[in-house]
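Structural overview
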Amino acid sequence: MGLVGGYYLTMYILKTCEIDMLMFDPEIGVLSYVWGVLITTFFAIIVNVITYFSLKKIDMIESLKSVE
C-alpha cells in the first residue's frame, strides 16, 4: 500500500510544484521501488534483531514484581 500511495503522492507533489521555469520528470523507475523495498527490509531486520536480544535480557517475572 505504501508503494502505491507513495507513487500517487509523488505525482501530486510534482504536479503542484511544477512551474514554467522548472519542470520535473514524473517517471519513477522500477529500480527505485526495488531499492526502497530492500533498504526498508534491511533496516527492519536490524531493528528486530537488536530488539530481540535486548528483550531476551529482561527477566519478565522480575519486571512484573517491580513497582514502576
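Residues numbered from 1 in each chain as written. Predicted model: local features only at pLDDT ≥ 70, side-chain atom pairs only at ≥ 80, totals over all residues. Heavy atoms only, no water.

Attention now moves to the overall build of the protein. A count of helical and extended segments in the protein gives three helices and zero strands. Counting helices and strands in the order they occur from the N terminus, the protein gives α-α-α. Here the protein has a C-alpha radius of gyration of 22 Å; the compact-globule value for 68 residues is 11 Å, and the former is much larger. Within the protein, the proportion of its 68 residues that are buried is 3%. Only carbon and sulfur atoms are counted for the fraction: they give 72% of the accessible area of the protein, which is about 6,500 Å². The averaged location of the 7 negative side-chain charges in the protein is 17 Å from the averaged location of its 4 positive side-chain charges. (Helix = DSSP H or I, 4+ residues; strand = E, 2+ residues; numbered from the N terminus. Rg over C-alpha atoms; globule rule 2.2 N^0.38 Å. Buried < 20%, exposed > 50% of the residue type's maximum accessible area, 1.4 Å probe, protein only. Areas by Shrake-Rupley, 256 points an atom, 1.4 Å probe, with all protein chains shown as cover. Lys, Arg positive; Asp, Glu negative; His and termini not counted. Charge placed at Lys NZ, Arg CZ, Asp CG, Glu CD.)

In the structure shown here, the tally under the stated rule is three aromatic pairs. Both rings, one in F42 and one in F43, keep their centres 5.5 Å apart while their planes meet at 70 degrees; by these two values the pair is edge-to-face. In this structure F42 comes out as partly exposed when scored by relative accessible area, which is 49%. Seen from their ring centres, Y52 and F53 are 5.2 Å apart, and the 70 degrees between their planes marks the pair as edge-to-face. Judged by relative accessible area, Y52 falls into the partly exposed class, the value being 47%. (Phe/Tyr/Trp six-rings, centres within 6.5 Å; stacked < 30°, edge-to-face > 60°.)

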